[in-house]
Amino acid sequence: TAATTGTAVPFKVKFMIDTAADLLALLPAGLPEPFTSADIATAGRRSKRIAMRAAYCLTRAGAISCVGKQGRLQMYAVVPELQ
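Below is a summary of the structure that appears in this document. Note that the structure is predicted; figures quoted are calculated from it, not measured.

Looking at the layout of surface pockets
Reported here for the largest pocket is a volume of approximately 360 Å³. Surrounding the largest pocket, 16 residues form its lining, Ala25, Leu26, Leu27, Pro28 and Arg46 being those nearest its centre. Ranked by residue count, the leading element in the lining of the largest pocket is helix H4 (residues 48-61), at six residues. In terms of lining residues, the second largest pocket is bounded by Ser37, Ala38, Lys48, Met52, Ala55, Tyr56, Arg72, Leu73, Gln74 and Tyr76. When residues of the lining of the second largest pocket are traced back to their parent elements, those giving at least two are helix H3 (37-44), H4 and strand S3 (73-78). Looking at the lining of the second largest pocket, the element that brings in the most residues is H4, giving four residues. For the lining of the second largest pocket, the per-class residue count stands at six nonpolar, two polar and two charged.

Reading the values: rules and limits
- Residues numbered from 1 in each chain as written.
- Predicted model: local features only at pLDDT ≥ 70, side-chain atom pairs only at ≥ 80, totals over all residues.
- Heavy atoms only, no water.
- 1 Å grid on protein atoms, 1.4 Å probe; cavity = no way out; pocket = protein on both sides within 12 Å on 5 of 7 lines; lining within 4 Å.
- Points joined across faces, edges and corners; volume = space filled by probe spheres on them.
- Helix = DSSP H or I, 4+ residues; strand = E, 2+ residues; numbered from the N terminus.
- Nonpolar A, V, L, I, M, F, W, Y, C, P; charged D, E, K, R; others polar.

The values reported here are purely geometric and, on their own, carry no functional implication.
In structure tokens, the structure reads:
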């Protein structure tokens, strides 16, 4: 079984996304404020590439905004109106 071998088991989750605030449910729990795409990758146990795509999509949707930089990484925060 997957539990004993340590392999991932794909599963589907369905939910409605009507507003930018609904997208915030896709962010992993425990992110610092502000956060970087590296923080998303670490907290969500995903690749940096996927985390960067998520940050881009959330920014374009208006759920998060860029609030500065940490070295070469952009720092993001949840848009105050959506908190």
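Picking up where we left off.
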